Amino acid sequence: MTIAGAGRPVWEIEERAAERGIKLAASAHYRDLQIARGIAKELARDGREVCADDVRAVLAERHPDIDGCLNWMGALFRERDSWGPIWEPAGFLKSATPGSHGNRIVKWRLK
């Protein structure tokens, strides 16, 4: 299925819109994202696997003023360095965050 005149599949356009949305949210919450990424790296020491739920739990404990259930969390594991992505997927699990409705989320490991 393509959008008339665009010549691109609908899902490609939707993926690009989602990517733009995540970037905008991350930009608006840059400080919060940096704090959350620091927590994620701390939790992932020694090869441990970490997911967004783990980071949210620690974030809520240490920084109750930061809402970890916003769209900027989508950028959490998209961090890159000069060599490329610093995180690699390590599996999946169901989210325990109430607003996530048990959706499947990725467990991540530092490269």
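Residues numbered from 1 in each chain as written. Predicted model: local features only at pLDDT ≥ 70, side-chain atom pairs only at ≥ 80, totals over all residues. Heavy atoms only, no water.

A look at unusual backbone geometry
Going by this rule: Only DSSP runs of H or I with at least four residues qualify as helices, and only runs of E with at least two residues qualify as strands; both kinds are numbered from the N terminus onward.
Unusually for a residue other than glycine, D46 sits at a positive phi of about 60°. Inspection of the secondary structure puts D46 in the loop between α2 (30-43) and α3 (52-62). Unusually for a residue other than glycine, H101 sits at a positive phi of about 55°. Its place among the elements puts H101 in the loop between β3 (87-94) and β4 (104-110).

What about the environment of H63?
The following threshold applies: Note on contacts: a residue pair qualifies if any of its non-hydrogen atoms lie within 4.5 Å across the two residues.
Locating H63 in the fold gives a position in the loop between α3 and β1 (80-81). Residues H63 and D32, spaced 31 residues apart in sequence, show a C-alpha to C-alpha distance of 9.3 Å. Non-local contacts of H63, meaning those with residues more than four positions away in its chain, are made with I35 and I39.

Focus: the side chain of R37
Stated formally: Only protein chains enter the accessibility calculation, which uses a 1.4 Å probe. A residue is then buried if its area is under 20% of the maximum for its type, exposed if over 50%, and partly exposed in between. A positive count includes Lys and Arg, and a negative count includes Asp and Glu. His and the chain ends are not counted in either. When a carboxyl oxygen of Asp or Glu lies within 4 Å of a side-chain nitrogen of Lys or Arg, that pair is called a salt bridge.
With respect to the helices and strands, R37 occurs in helix α2. Buried charge without a partner: R37 forms no salt bridge, and the closest opposite charge is E79, 4.0 Å away. Setting aside its immediate chain neighbours within four residues, R37 contacts A75, L76, R78 and E79.

Here's the deal with the packing of aromatic side chains
The line we're drawing: Pairing of aromatic rings covers Phe, Tyr and Trp, the last through its six-membered ring, and needs centres within 6.5 Å; plane angles under 30 degrees mean stacked, over 60 mean edge-to-face, and all others mean tilted.
Following the criterion strictly, the structure yields two aromatic pairs and no others. With centroids separated by 5.0 Å and ring planes inclined at 90°, the aromatic side chains of F77 and W87 adopt a geometry described as edge-to-face. One end of the pair, F77, is in the loop between α3 and β1; the other, W87, is in strand β3, with 10 residues separating them in the sequence. Looking at F77, the relative accessible area reads 11%, which means it is buried. Since its relative accessible area comes to 4%, W87 is described here as buried.

Comments concerning the layout of surface pockets
We count it as follows: Of the two site types, the cavity is a set of points on a 1 Å grid over the protein atoms alone where a 1.4 Å probe fits but cannot get out, and the pocket is an open set with protein on both sides within 12 Å along at least five of seven lines, each lined by residues with an atom within 4 Å of a point. Grid points are joined across faces, edges and corners, and a volume is the space filled by probe spheres set on the points. Residue classes follow a fixed rule: Ala, Val, Leu, Ile, Met, Phe, Trp, Tyr, Cys and Pro count as nonpolar, while Asp, Glu, Lys and Arg count as charged, and any other residue, Gly among them, counts as polar.
Looking at the largest pocket, its volume works out to about 490 Å³. In terms of lining, the largest pocket is formed by 21 residues, of which the most central are A52, R56, M73, G74 and I105. Among the elements of the structure, α3 and β4 are those that each provide at least two residues to the lining of the largest pocket. Counting residues per element, the lining of the largest pocket draws most heavily on β4, at four residues. Along the lines of polarity and charge, the residues of the lining of the largest pocket split into 10 nonpolar, seven polar and four charged.

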